[in-house]
Amino acid sequence: MGKLCKYDVAGHLFGVLLPDDIDAGQYLAAYAPFSSDRTDAPLFTLRVEYVEDLKTTDPGKPKECLNDEAPYFWIFDKDGKFNFGFSYSKSRPDCILLPSEDFSDSVVYIPVSMADRLTDFAISNSMMLLYTFRTSPYETLMVHASVIRHNDGGYMFLGRSGTGKSTHSRLWLNNIEDTELLNDDNPVIRIVDDEAVVFGTPWSGKTHCYKNESVPLKAVVRLSQAPYNKIARNIPLQAYASLMPACSCMRWDRTSTDFLHCTVEKVISNVKCWHLECLPDADAAHICHKAVTE
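Keep in mind it's a predicted model, so treat the numbers as computed, not measured. (Residues numbered from 1 in each chain as written. Predicted model: local features only at pLDDT ≥ 70, side-chain atom pairs only at ≥ 80, totals over all residues. Heavy atoms only, no water.)

A.B. asks: Explain empty space enclosed by the protein to me, please; I cannot follow it from the model alone.
C.D. replies: Rolled over the atoms, a probe sized like a water molecule indicates the empty space that remains. Summed over the entire model, instances satisfying the criterion amount to 1 cavity of 30 Å³ or more. Considering only enclosed or pocket space, the largest cavity measures out at about 90 Å³ in volume. Listed by contribution, the elements that provide at least two residues to the lining of the largest cavity are α2 (115-135), β9 (140-142) and α5 (254-270). Among the residues forming the lining of the largest cavity, the class breakdown is 6 nonpolar, 6 polar and no charged. (1 Å grid on protein atoms, 1.4 Å probe; cavity = no way out; pocket = protein on both sides within 12 Å on 5 of 7 lines; lining within 4 Å. Points joined across faces, edges and corners; volume = space filled by probe spheres on them. Helix = DSSP H or I, 4+ residues; strand = E, 2+ residues; numbered from the N terminus. Nonpolar A, V, L, I, M, F, W, Y, C, P; charged D, E, K, R; others polar.)

Written out as structure tokens, the structure reads:
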């Protein structure tokens, strides 16, 4: 049967079913702060299975391979049903995810010869995809961003890869009092009682920051590199265009996309959004801090 490990992220319960001989502590250490003993049914469950050859999983015909860098995200079409894969290179998928029709019950297949290298990779990428899809009806967004907690408020930094989200967070940590990192890669925003709240998650990129904590979201700041430091408030249309691309979504699924649009609209109606053109220096942190906390 295997052992079911249950976790709660932003109030959403989900489970991972591991083979009996697999140590959860080895591959699910980042999830430990989110461990849950809730007795209600998980929103989704991911089962981990090892196979000799991925060809036996038969995910269908490759439709697309997305992302400009690893992890690469594969979409397969099997008689009109989408299946998925993840890989470190664009040559072939390293693991295969076969979800049920509503994504509530899924299995990820991992080559047994690569178990040590791929298990954590396969679980994390599968869980993020399943979490994004299953939580979208509940006013929940997974965002590619870095978040600082300051004076019991959350300040979220967005930007293209390499823009300096993590760098700007470190500048706050080093130069602004009463700051700590909440998440450095994939925080979650959820509308709770008509307020935007940002949550820590088990998914924090290369930074080991797995905090089961939440704070009201006070500001969203999109960063862009410049030879100067300047910050400006976004009008609603700019705020929408700024936050939308940073949100994870099954954009080929109309229902999920509709939920995404509605939740983004609620966030920008509750939270001030800004554009910071900046250098990677202390002055950028001070200018940003002064503007977003006034």
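A.B. asks: Just checking my understanding: could you explain unusual backbone geometry for this structure?
C.D. replies: Negative phi characterises most residues that are not glycine, and trans characterises most peptide bonds. Residue Pro 71 is bonded to the preceding Ala 70 through a cis peptide linkage, with omega at 0 degrees. For Pro 71, the location among the structural elements is in the loop between β4 (61-66) and β5 (72-78). A positive phi angle, near 50 degrees, is found at Glu 139, a position not held by glycine. For Glu 139, the location among the structural elements is in the loop between α2 and β9. Owing to a relative accessible area of 25%, Glu 139 belongs among the partly exposed residues under this scheme. (Buried < 20%, exposed > 50% of the residue type's maximum accessible area, 1.4 Å probe, protein only.)

A.B. asks: Where do I start with the layout of surface pockets in this structure?
C.D. replies: Volume-wise, the second largest pocket comes out at about 200 Å³. Every residue along the wall of the second largest pocket is listed here: Gly 80, Lys 81, Phe 82, Pro 99, Ser 100, Glu 101, Phe 103, Phe 133, Trp 252 and Asp 253.

A.B. asks: Would you explain the sheet that holds β4 in this entry?
C.D. replies: Strands in a sheet are paired, the pairing made by backbone hydrogen bonds, and the direction either parallel or antiparallel. Reading across the sheet, the 8 strands line up as β1-β2-β3-β8-β7-β6-β5-β4 and stay open at both edges, with mixed pairing between neighbours. Only two strands of the sheet have a single partner each, and these edge strands are β1 (3-9) and β4. Each strand axis lies, on average, 25 degrees off the axis of its neighbour in the sheet, ignoring direction. Note that strand β3 (residues 44-51) and strand β8 (residues 105-111) share 7 bridges and pair parallel. If you follow Tyr 50 over to β8, its bridge partner there is Ile 110. (Pairing = 2+ DSSP bridges. Axes fitted to C-alpha atoms, helices over the stretch in contact; angles between N-to-C directions.)

A.B. asks: Hey, could you run me through the pairing of strand β6 (residues 81-87) in this one?
C.D. replies: Note on strand geometry: in a regular strand, side chains alternate between the two faces of the sheet. Buried residues dominate β6, accounting for 5 of its 7 residues. Examined bridge by bridge, β5 and β6 share 7 bridges and lie antiparallel to one another. Of the residues in β6, the one forming a bridge with Ile 75 is Phe 84. As consecutive antiparallel partners, β5 and β6 are separated by 2 residues, and within that stretch Asp 79 has a phi angle of approximately 55 degrees, a positive value. Across 3 bridges, the pairing between β6 and strand β7 (residues 95-99) is antiparallel. Paired with Gly 85 across the two strands is Ile 96, which belongs to β7.

A.B. asks: Explain helix α4 (residues 236-243) here, please?
C.D. replies: Because an α-helix completes one turn every 3.6 residues, residues spaced three or four positions apart along the sequence face the same direction. For α4, the full list of buried residues reads Ala 239, Ser 242 and Leu 243. Taken around the axis of α4, the buried residues stretch over an arc of 85 degrees, which confines them to a single face. Each element contacted by the buried residues of α4 is listed here: β11 (153-158), β15 (214-225), α5 and β17 (272-278). (Arc of directions from axis to C-beta. Contact = heavy atoms within 4.5 Å.)

A.B. asks: Could you clarify how one ought to interpret the pairing of β4 in this entry?
C.D. replies: Relative to β5, β4 runs antiparallel, the two sharing 5 bridges. Within β5, the position partnered with Pro 62 by the bridge is Phe 76. Taking the residues between adjacent antiparallel strands as the criterion, β4 and β5 are bridged by 5 residues, where Asn 67 takes a positive phi near 90 degrees.

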